[in-house]
Amino acid sequence: MAGYIENVSLPIQPFSDAQASILDFLFPGLARMSTAVQWYLRIDLRVYAPLLCYFGLFVFICGRTCMYLWALLETYCTSTVHLRYREDAYDMLMLWTSSQSFAQNARSSLVTTDLASSLNRSRNDPSNGGDANKKTLYYTPWNGRFLMRYKGRRLVFRRQYQVGDFSSREELSISCFGRSPQILKELLSECRTEYAKLVQGKTCLYRHQDHAWVRSKVSDIRRTSTVILDKDRKTELLEDIRDFLEPTSQQWYSNRGIPYRKGYLLHGPPGTGKSSLSLSIAGHFSLDIYILKLSAINEAILESLFAKLPSHCVILLEDIDAVSSNRDAETKDPRQMATGSPSRESKSGNVSLSALLNVIDGVGSQEGRILIMTTNHITRLDEALIRPGRVDKKVELGLADNTMTADLFCLVFKPVQEDVALPEDAQSGDNTKVHEAAVSQREEAERVEQLAKEFAGNVPELKFSPAEIFSFLLEHRKSPEEAIGNVEKLISKPIEAKATPPRISEDVKPEDALPETASKPEFKTEVYVSNGL
């Protein structure tokens, strides 16, 4: 046969340049391998070169045609919904997907232990295998297209990780055949319903990541009763927020051309409950809370984050004294001038005062939100930042007095309904046992109240922050008598200076600004009417 090489010693003829170029295009690397193939099979591939070219061209055209037809099908015959990475809709869909059978059987999966950690699922979740310390593994489809069935319809779940030259991003979408996306909307609606069940009775905490808000965790609602401060001041603050959130309030503001927003300033020494009060306010009114540290961002990120805030939420600016005006750096503390010590320039973060004021109540600032600013040093704040119209109410949270100390004692030791385990016969419906258990609980509560007065009488007023007293009580939470017996350990602890220096005006002499004895600070609330100026 002419196609066979009769003598292996004869030189093997390579492909011509034209044949090699065409074959390399259709079958990459074939031209380089042709010599070895001819020697091993003892055939002359030049005879089959036209056939290989026609076959490769046929496969190439078929592939291109299929890709073109599939693109037409996706463009005109399918409906697609795209989801942005790490937004709420993305998390809703991924949580739903992790429980579906197609995700468990996907050939390409991404396993993670923190998929639902931000939802703070119960540590007694049966998916943990009964072990509260185990981390649950969640499997979700990764890098590819996956078919799934929903309500009898075939859907395509697509998840890709795109790596770019300067950044990488994750793309997520779901598609269905047909020009109507109704089935996709029904799926996302079901995901939202399941998500709402998980976060019901919880507070969502968001923190900034680059230029976006990311849900960091979902915690149980903190009752306002667990935040210990003056009851009248707390009630006044909650009533003011409740009035602002009334459905008719927004229309009232709009009819009068007043910007619909509210601002509060919580100030006081560290450990007095500023952040706890902000969290309890968000939970009390079923609002999400967005926590922002100004020292960690720049002005561009600040503007972007404020623009992405929802219409109703709590935005918490912690340590607002990190921002100061430029003119503060040029002023000196009169007390430092009197002592001859060098002045310390006001420390400015990456965010200027003018940029902060612009996002708080500028022309394009967000409406409907509740702004809460916290600081340990109100004297360091610029007057323009806390003037009426920007801050509607100032609330000072001071050190613990006798009443607050007693309330903290009762919070730790006073029995609540969930703490008391009813006897078995009481659980079966014996009203007598239920009554006896209720009486016993009431008597224990009265006893704890008496011990609380004794404990508060032993603790000096206005010397410790509520956090310090609470931490001490937690160490002895199993026995109120033990806490009273060890109160000397609390009193003997070295106390750092917590008193906030008074604001010094121009007509006050440096020596007059330093009182010899610290007067008793009171909870102070300054109320302003927001006029949108």
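For clarity, every value in this text was computed on a predicted model and none was experimentally measured.

Re the packing of aromatic side chains
Applying the stated criterion to the full structure yields 13 aromatic pairs. Chaining the aromatic ring pairs together yields one cluster made of Phe-244, Trp-252, Tyr-253 and Tyr-260.

Overview of the pairing of strand 10 (residues 289–293)
Along strand 10, 4 of the 5 residues are buried, which leaves the element largely enclosed by surrounding structure. Where strand 7 (residues 202–209) lies against strand 10, 3 bridges are found, and the strand directions are parallel. Each bridged residue has a counterpart across the sheet, and for Leu-205 the counterpart in strand 10 is Ile-289. Here 5 bridges tie strand 10 to strand 11 (residues 314–318), and the two strands are oriented parallel to one another. Bridge assignment links Tyr-290 to a residue of strand 11, and that residue is Ile-315. Taken together, strand 10, helix 10 (residues 299–307) and strand 11 form a β-α-β motif whose crossover is right-handed.

Considerations on the pattern of salt bridges
Summed over the entire model, instances satisfying the criterion amount to 18 salt bridges. Ionic pairing is found between Asp-91 and Arg-215, a salt bridge with its closest N-O pair at 3.4 Å. With Asp-91 in helix 4 (residues 88–97) and Arg-215 in strand 8 (residues 212–220), this pair connects stretches of sequence that are 124 residues apart. A relative accessible area of 8% means that Asp-91 is categorised as buried.

Regarding the sheet that holds strand 6 (residues 168–177)
With respect to topology, 4 strands assemble into an open sheet ordered 1-6-5-4, the strand pairing being antiparallel. Bordering the open sheet on either side are strand 1 (78–83) and strand 4 (144–150), each of which pairs with just one other strand. Within the sheet, the average angular offset between the axes of one strand and its neighbour, ignoring direction, is 25 degrees. The pairing of strand 5 (residues 153–163) with strand 6 spans 9 bridges and is antiparallel. Paired with Arg-158 across the strands is Ser-173, a residue of strand 6. In the packing of helix 6 (residues 182–199) onto the sheet, the strands contacted are strand 1, strand 4, strand 5 and strand 6, and the crossing angle to strand 6 comes to about 120 degrees.

The rules behind the values
Residues numbered from 1 in each chain as written. Predicted model: local features only at pLDDT ≥ 70, side-chain atom pairs only at ≥ 80, totals over all residues. Heavy atoms only, no water. Phe/Tyr/Trp six-rings, centres within 6.5 Å; stacked < 30°, edge-to-face > 60°. Buried < 20%, exposed > 50% of the residue type's maximum accessible area, 1.4 Å probe, protein only. Helix = DSSP H or I, 4+ residues; strand = E, 2+ residues; numbered from the N terminus. Pairing = 2+ DSSP bridges. Right-handed = clockwise from strand over helix to strand, strands pointing away. Salt bridge = Lys/Arg side-chain N within 4 Å of Asp/Glu carboxyl O. Axes fitted to C-alpha atoms, helices over the stretch in contact; angles between N-to-C directions. Contact = heavy atoms within 4.5 Å.

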